Amino acid sequence: MRKHDVLVIGAGLAGQRAALAAAQAGRSVGILTKLHPLRSHSGAAQGGINAAVGAQDSVETHIYDTVKGSDYLGDQDAIEFFCTEAPKIVVEMEHFGTIFSRAEDGSLAARPFGGAGFPRTIYAADRTGLALLQALYEHLGSVDVTVYEEWDLVDLVLRGSRVQGVVAYHRRTGELDGFSAPAVVFATGPFGRMYSRTTNSHSSTGDGVAVAYRAGAWLKDMEFVQFHPTALIEDGILITEGARGEGGILKNGRGERFMSKYAPHVHELASRDVVSRAIYTEVLEGRGFPGGYVHLELMHLGKEKIESRLQEICDFCRNFAGIDPVTEPIPIMPGQHYMMGGISTNLRGETNIAGLYAAGEAACVSIHGANRLGGNSLLETLVFGKQAGIAAAAFAPTVPGAEVLPEDVRAAKDRIEGMKRRTEGPTPLPLRAELQKIMEEDVGIYRTAEELTRALGRLAELKVKSRDLRIPDPSHVFNLNVTDALETLHLIDLAEVVVAGALARTESRGAHARRDYPKRDDANWMKHTIASYRPEGPQLSYAPVAYTRWEPKERVY
Ligand SMILES: Cc1cc2nc3c(=O)[nH]c(=O)nc-3n(C[C@H](O)[C@H](O)[C@H](O)COP(=O)(O)OP(=O)(O)OC[C@H]3O[C@@H](n4cnc5c(N)ncnc54)[C@H](O)[C@@H]3O)c2cc1C
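Just so it is clear, the model here is predicted, and its values are computed rather than measured.

Draft legend 1. Fine view of the site of the ligand. Taken together, 39 residues are adjacent to the ligand, and Ser40, His41, Ser42, Asp207 and Glu361 come closest. A distance of 2.8 Å is found between an oxygen atom of the ligand and a backbone nitrogen or oxygen belonging to Leu378. When the ligand is considered free in solution it has 1,000 Å² of accessible area, and contact with the protein chains removes 97% of it. Listed by contribution, the elements that provide at least two residues to the shell around the ligand are helix H1 (13–24), strand E3 (29–33), strand E8 (151–159), strand E16 (330–339) and helix H11 (376–395). Per-element accounting of the shell around the ligand gives the leading share, four residues, to H11. Taken together, the residues of the shell around the ligand break down into 15 nonpolar, 19 polar and five charged.

This is the structure we're talking about:
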């Protein structure tokens, strides 16, 4: 058994920042990660990170934009803290060696992003996430942190209500082992893989969120799912908002530039939810291309502009879709992009379980409320990753030593061995594909009671089926079938929470658009959804939104 004061699960930006803070506080820190740290989804972020560092920008406008962007569901005390920390944390990342792009006068360059009143998205070309991740990873080398790579979190171990550590599965050997720690930080990232067309990497399966949920942690606002308007039709790879920023236009199957109908002033540059809903409506009403998609056209921008400003997009289109955007339109449809919900925390990363902390996309503080602004989530990983690390480091010495016992490990081992022994029953990936089909068909951009009720029924059947889940490959070394099985079970539990919350919320707010309840309903629904685990399905309750200074108004751009 390995022992630490603070154990961080996940080595993306949130996990690394938490580990750094806890190590700087003098604790013994371990990071457990299923991927190499630099393969974390944080590295896929292109656009940038928000911070009011410009001379004419202000923290105050960043706060206001975030509150408004959240459709007034974000907690205003957390948002104030978040935006106030932003300039410090971004400059700190610069001092750690992040090579940010520069303005002509040498200051940090900033680009305009949707929903922001000022250009405040700091970037490193179109590879911001990777630049941040590399700088932070190098800096982490300056403190004493043990990184356990290719270990999958399987269970959170509690004795009574006290955190003892986790049980994890080692991909390289097939071994299961315990990691003891009185303070554990979950920073396991997103869970977009419950959808088939998603911009999320294959590893984004919500492992930590599902494990925490089953152990009794509350999940918050899980029904709010952000769709990005332009994902490649083939596999959902993201085509950055920058493509429209540079002048790209959207056309339907009749060759019409349909956005002028939905957003007569800003056309393709309306907010993400507006553009996504417009594309979807065109296809639904029969004006898409056969097979159901629309075109993003860049051709009129000319070869030089496309190839210099949208280099990565050119690579993606050529390598993954066999299309040359210089001479051909790009077939796109909205794809799942970001989960506003997650493990419920306060602004110190504390959950309802003492000793359990969460940060990054796995957590819900909440600062994004019903809709996240682009550029705010990279920032969230660093601001709240650091807070969670500080809080976990302070907590660890206040409780007696924690210990994961052999029987905790055995329980996890028995479950996995049981799945390996089965000769009948569904295998992981077809089961995951069934889940994705349900979510794509019934839990999309627009929702109705009818579809959501059907989705819940289909998920209940899937859950019954999943009890017979079978791991067809019995081997021990790099048996990714085991990982696939664990991840699929996580996704199924989380999908149920998304759907239950969406069905209960009889209003439209931010990314949650109900056709049968098209208006925001502040009188009844200005509240957070809290889900707690029961084997038969989530128990929902509600919690108030924290207000400081901003009265809810209609959200218009
Ligand atoms: C394509 C794309 C582009 C984006 N662009 C932007 C952008 O421009 N600006 C912005 O602000 N946001 C952007 N986002 C969102 C943002 O990148 C993410 O919200 C953020 O990076 C998540 O960071 P994280 O540290 O929470 O998780 P991740 O970076 O996903 O890291 C998760 C970590 O958890 C580990 N892990 C997961 N499960 C387990 C397990 N069972 N056991 C052990 N370890 C586990 C993984 O190994 C990984 O190290 C983008 C997202 C995507 C998908």
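The rest of the description comes next.
Draft legend 2. Region of interest: the nonpolar core. The biggest cluster of nonpolar side chains holds 70 residues, and the ones touching the most others in it are Val166, Phe186 and Met194. No fewer than three residues from each of domain 1 (2–224 + 338–406) and domain 3 (415–526) sit in this core. One finds Ala11, Cys83, Ile367 and Met526 within the second-largest nonpolar core, a separate group that totals 57 residues.

Draft legend 3. Structural detail: the pairing of strand E10 (residues 176–180). Among the five residues that make up E10, five are buried, leaving the element largely enclosed by the rest of the structure. Side chains Leu176, Gly178 and Ser180 of E10 all project onto a buried face; the interleaved residues Asp177 and Phe179 project onto the opposite face, where all are buried too. Where strand E1 (residues 2–3) and E10 come together, two bridges link them in parallel fashion. Within the sheet, the bridge partner assigned to Lys3 lies in E10 and is Ser180. By the bridge criterion, five bridges tie strand E9 (residues 162–170) to E10 in an arrangement that is antiparallel. Counterpart to Tyr169 in the pairing with E10 is Leu176.

Draft legend 4. Seen up close, the sheet that holds strand E12 (residues 219–220). Strands sit in the order E19-E17-E12-E22-E23 across an open sheet of five strands; the sheet is mixed. Here the strands that pair on one side only, and so sit at the sheet edges, are strand E19 (363–364) and strand E23 (539–544). Two elements, strand E22 (residues 527–532) and E23, share six bridges in a ladder whose sense is antiparallel. Residue pairing for E23: Ser532 is matched across the bridge by Gln539.

Draft legend 5. Up close: the side chain of Thr230. Among the secondary structure elements, Thr230 is positioned in strand E13 (residues 225–232). Taking the relative accessible area as the measure of exposure, Thr230 reaches 0% and is therefore buried. Reaching out from Thr230, the side chain makes a polar contact with the backbone oxygen of Ile239 at a distance of 2.6 Å. For Thr230, the contacting residues outside a window of four places in its chain are Ile237, Leu238, Ile239, Arg244, Leu250, Leu296, Ile332 and Met333.

Draft legend 6. Structural context of the packing of aromatic side chains. Counting across every chain of the model gives 12 aromatic pairs. Ring centres of Tyr148 and Phe179 lie 4.9 Å apart, and the angle between their planes is 75°; this geometry places the pair in the edge-to-face category. Of the two residues, Tyr148 sits in strand E7 (residues 145–149) while Phe179 sits in strand E10, which places them 31 residues apart along the sequence. For Tyr148, a relative accessible area of 12% corresponds to the buried category. Exposure remark for Phe179: the relative accessible area of 0% places this residue in the buried category.

Draft legend 7. Representation of the environment of Ala86 within the structure. Looking at where Ala86 falls in the secondary structure, it is placed in helix H3 (residues 76–95). Along the primary structure Ala86 and Pro190 are separated by 104 residues, whereas in three dimensions their C-alpha atoms are 22 Å apart. If we ignore the near neighbours within four places in the chain, the residues touching Ala86 are Asn50, Ala51, His62 and Leu379.

Draft legend 8. Broad picture of the domain arrangement of the protein chain. What the domain assignment reports for the protein chain is domain 1 (2–224 + 338–406), domain 2 (230–334) and domain 3 (415–526). Between the C-alpha centres of domain 2 and domain 3 the distance comes to 29 Å. Summing both sides of the interface, domain 2 and domain 3 together bury roughly 530 Å²; the carbon and sulfur share of this comes to 65%. In this assembly, domain 2 and domain 3 are joined by zero salt bridges. Our count for the domain 2 to domain 3 interface comes out at zero residue pairs in polar contact (both at pLDDT 80 or more). For the side of domain 2 that touches domain 3, the element with the highest residue contribution is helix H8 (residues 272–284), accounting for six residues.

Draft legend 9. Broad picture of the packing of helix H12 (residues 406–421) against helix H15 (residues 480–504). Packing of H12 against H15 leaves a shortest axis separation of 11 Å and a crossing angle of 110°. When the interaxial angle is binned, H12 and H15 end up roughly perpendicular. When H12 is examined against H15, the residues Ile416, Met419 and Lys420 are found in contact with a partner set consisting of Val482, Ala485, Leu486 and Leu489. Broken down by class, the residue content of the contact of H12 with H15 amounts to six nonpolar, no polar and one charged.

Analysis parameters
Residues numbered from 1 in each chain as written. Predicted model: local features only at pLDDT ≥ 70, side-chain atom pairs only at ≥ 80, totals over all residues. Heavy atoms only, no water. Near = heavy atom within 4 Å. Polar contact = N/O pair within 3.5 Å; in protein donor to acceptor, adjacent residues only side chain to side chain. Areas by Shrake-Rupley, 256 points an atom, 1.4 Å probe, with all protein chains shown as cover. Helix = DSSP H or I, 4+ residues; strand = E, 2+ residues; numbered from the N terminus. Nonpolar A, V, L, I, M, F, W, Y, C, P; charged D, E, K, R; others polar. Core = buried A, V, L, I, M, F, W, Y, C linked by side-chain atoms within 4.5 Å. Buried < 20%, exposed > 50% of the residue type's maximum accessible area, 1.4 Å probe, protein only. Domains from an automatic or database assignment. Pairing = 2+ DSSP bridges. Contact = heavy atoms within 4.5 Å. Phe/Tyr/Trp six-rings, centres within 6.5 Å; stacked < 30°, edge-to-face > 60°. Buried area = accessible area lost by both parts, 1.4 Å probe. Salt bridge = Lys/Arg side-chain N within 4 Å of Asp/Glu carboxyl O. Axes fitted to C-alpha atoms, helices over the stretch in contact; angles between N-to-C directions. Parallel < 35°, antiparallel > 145°, perpendicular 65-115°, else oblique.

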